[in-house]
Amino acid sequence: MKSKLSIDLAELRLANPAMLAAGILGMTSFSLKRVAEAGAGAVVTKSVGLKPRMGYPNPTVTQAEGGVLNAMGLPNPGIDYFAEEIRKTKSTVNCPVITSIYGFSAEEYAKIGKKAEEAGTDALELNVSCPHVEKVGCEIGQDPKILKTIVKTVKKNVSIPVFVKLTPNVTNIIEFAKTAEEGGADAVTAINTVRAMAINVETKRPILGNKLGGLSGPAIKPIALRCVYEIYPEVKVPIIGCGGIRSWRDAVEFILAGATAVQVGTAISFEGPEVFQSIKKGIEAYLKKEKHGSVREIVGLAHRG
Ligand SMILES: Cc1cc2nc3c(=O)[nH]c(=O)nc-3n(C[C@H](O)[C@H](O)[C@H](O)COP(=O)(O)O)c2cc1C
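Here is a short report on the structure shown in this document. Small disclaimer: the values here were computed from a predicted structure and weren't measured.

### Quick notes on the overall build of the chain
(1) Moving on: Scanning the chain from N- to C-terminus turns up ten helices and 16 strands.
(2) Moving on: Radius of gyration (C-alpha) of the chain: 18 Å, near the 19 Å computed for a compact globule of 305 residues.
(3) Moving on: The principal-axis extents of the C-alpha atoms in the chain amount to approximately 55 × 45 × 40 Å.
(4) Moving on: Taken over 305 residues, the chain has a buried fraction of 53%.
(5) Moving on: A sequence separation of at least 24 residues applies to 71% of the contacts in the chain between residues at least 6 apart.

### A short note on the site of the ligand
(1) Moving on: In the vicinity of the ligand, 27 residues are found, and the nearest of them are Gly23, Ser47, Ser216, Gly265 and Thr266.
(2) Moving on: Going through the elements one at a time, β6 (67-70) and α9 (266-271) are the ones with two or more residues in the shell around the ligand.
(3) Moving on: Class assignment of the residues belonging to the shell around the ligand gives a composition of twelve nonpolar, 13 polar and two charged.

### Quick notes on the pairing of strand β14 (residues 212-216)
(1) Moving on: By the criterion of burial, β14 is predominantly enclosed, with four of the five residues buried.
(2) Moving on: Looking at chain direction, β6 and β14 are connected through three bridges and run antiparallel. Bridging across to β14, Val68 finds its partner in Ser216.
(3) Moving on: Looking at chain direction, strand β11 (residues 194-197) and β14 are connected through four bridges and run antiparallel. Note that in β14 the partner of Arg195 across the bridge is Gly214.

### A short note on the nonpolar core
(1) Moving on: Core analysis: the largest hydrophobic core is formed by 96 residues, its most contacted members being Val43, Leu126, Phe163, Val188, Ala190, Val228 and Val262.
(2) Moving on: Sorting elements by how many residues they give to this core places helix α7 (residues 221-231) first, with six residues.
(3) Moving on: Setting aside its immediate chain neighbours within four residues, Ala190 contacts Leu166, Ile173, Ala224, Cys227, Val228, Ile231, Ile239, Gly241 and Cys242.

### Some thoughts on the packing of helix α5 (residues 144-157) against helix α6 (residues 173-183)
(1) Moving on: At their nearest, the axes of α5 and α6 sit 8 Å apart, and the two run at 30° to each other. One way to sum up the angle between α5 and α6 is to call them roughly parallel. Read as a crossing pair, α5 and α6 show a hand that is right-handed. Along the contact surface, α5 presents Pro144, Leu147, Lys148, Val151, Lys152 and Lys155, while α6 presents Glu175, Phe176, Thr179, Ala180, Glu182 and Gly183.
(2) Moving on: A per-class count over the contact of α5 with α6 returns five nonpolar, two polar and five charged.

### Observations concerning the packing of helix α1 (residues 29-37) against helix α2 (residues 79-92)
(1) Moving on: Where α1 contacts α2, the two axes come as close as 9 Å, and the packing angle between them is 30°. In this view, α1 runs roughly parallel relative to α2, as classed from their interaxial angle. As α1 runs across α2, the sense of the crossing is right-handed. Judged by residue contacts, Ser29, Leu32 and Lys33 of α1 engage Glu85, Lys88, Thr89 and Thr92 from α2.
(2) Moving on: Among the residues making up the contact of α1 with α2, the classes are represented as one nonpolar, three polar and three charged.

### Brief notes about α2
(1) Moving on: For α2, built from 14 residues, the straight-helix expectation of 20 Å at 1.5 Å per residue is met to within 8% by its first-to-last C-alpha distance of 19 Å.
(2) Moving on: Looking only at α2, the buried set comprises Ile79, Phe82, Glu85, Ile86 and Thr89. Buried positions in α2, seen along its axis, are confined to an arc of 105° and lie on one side of it. Along α2, the residues that are exposed and aim more than 90 degrees away from the buried face are Tyr81, Glu84 and Ser91.
(3) Moving on: Those residues of α2 that are buried lie in contact with α1, β7 (97-101) and α3 (106-118).

Scoring rules and cut-offs
Every chain begins its residue count from 1, and numbering advances along the sequence as written. Given that this is a predicted model, residues contribute local features only at a pLDDT of at least 70 and side-chain atom pairs are listed and counted only at 80 or more, while totals for whole chains, interfaces and linings are drawn from all residues. Here a strand is any run of E in DSSP of at least two residues, a helix any run of H or I of at least four, and the numbering for each starts at the N terminus. Values of the radius of gyration come from C-alpha atoms, whereas the globule rule sets the reference at 2.2 Å times the count of residues to the power 0.38. The exposure scheme places C-beta atoms from the backbone and then counts, for each residue, the other C-beta atoms within 10 Å of its own, assigning buried at 20 or more, exposed at 12 or fewer, and partly exposed in between. Contacts here follow a simple rule: the backbone-placed C-beta atoms of the two residues must lie within 7 Å. The rule is simple: place the C-beta atom from the backbone, and if it lies within 6 Å of a molecule or strand, the residue is near it. All amino acids are sorted into three groups, where Ala, Val, Leu, Ile, Met, Phe, Trp, Tyr, Cys and Pro are nonpolar, Asp, Glu, Lys and Arg are charged, and the leftover types, Gly among them, are polar. By the convention used here, strands pair only if DSSP detects at least 2 bridges between them. By convention the nonpolar core is taken to be a set of buried residues drawn from Ala, Val, Leu, Ile, Met, Phe, Trp, Tyr and Cys and joined through C-beta atoms within 7 Å. Each axis is a line fitted through C-alpha atoms, taken for helices only over the stretch in contact, and angles between the N-to-C directions span 0 to 180 degrees. Throughout, the term roughly parallel applies to angles under 35 degrees, roughly antiparallel to angles over 145, roughly perpendicular to angles from 65 to 115, and oblique to all others. Working rule for handedness: look at the near helix, and if it is turned counterclockwise from the far one by less than a right angle, call the crossing left-handed; if clockwise, right-handed. An expected span of 1.5 Å times one less than the residue number is assigned to each helix. Regarding the arc, it is the one traced by the directions from the helix axis to the C-beta atoms.

Listed below in structure tokens is the structure:
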């Protein structure tokens, strides 16, 4: 029997809709286990590529008003090493494990995806939206033709569900959600960080080592919510809402806008993985108070005429 909080996301069953977002505590099986034990409905790994990558020089993170600016540059150990972390994570957590991947070509995405599948991951999330890495991030997510080719190629090569993480750094996100769906995506995640920067007035230079970065946290919540709300009537696949979520109230807002599940990133840096318990308990209390039978019942309710 399905519990009030459980949801189906493509072929995955999540005990609750609050997932870990890519890039936060997602680099080792130890940290992924910690988040799963704290109550996440699913965990997403740090984005992993074909080869190890150093990332950008410091500073890679700086505080911004209402959020965090980062330009990590996708540091990761490469899929061959990371496959072992996926195996270990799968053997120690009891929620779905989703591997976030990035590549420099459709073939690379497919190769990494296949290796992650062989390591036992439950689904892939294609990072086509990192706002600060050339030739891999938004450059893919901002070109519908390339995006479709990548999604199609990955789908042809794996049999697990494929999610596509969209960038908000486009004029019309609906077009990209539809393109991902046409390519065969099983769900879309909205959104990755918003392209942004900060300047130090004393040194008179950009603060981040990479100069430009991505904004996350509460400051981007209204943007992310708008994206989910806009996409919902236009696609059939489930939407995973992400951006600035730190409370059950935020999570419910995204679900009412049309998200089947939500992801939490920056809030974990401030509040720790315990944030998952409070989101879970808060949604449960809200359903009871509002007399809704399940979280599935309230998906997209904000669209009623
Ligand atoms: C430090 C940091 C690292 C991130 N790394 C990744 C990553 O590797 N892959 C990815 O798809 N998104 C990455 N993100 C984006 C988050 O997954 C998320 O989309 C974004 O931060 C908005 O959600 P939030 O406001 O809850 O953090 C990263 C975000 C931060 C703050």
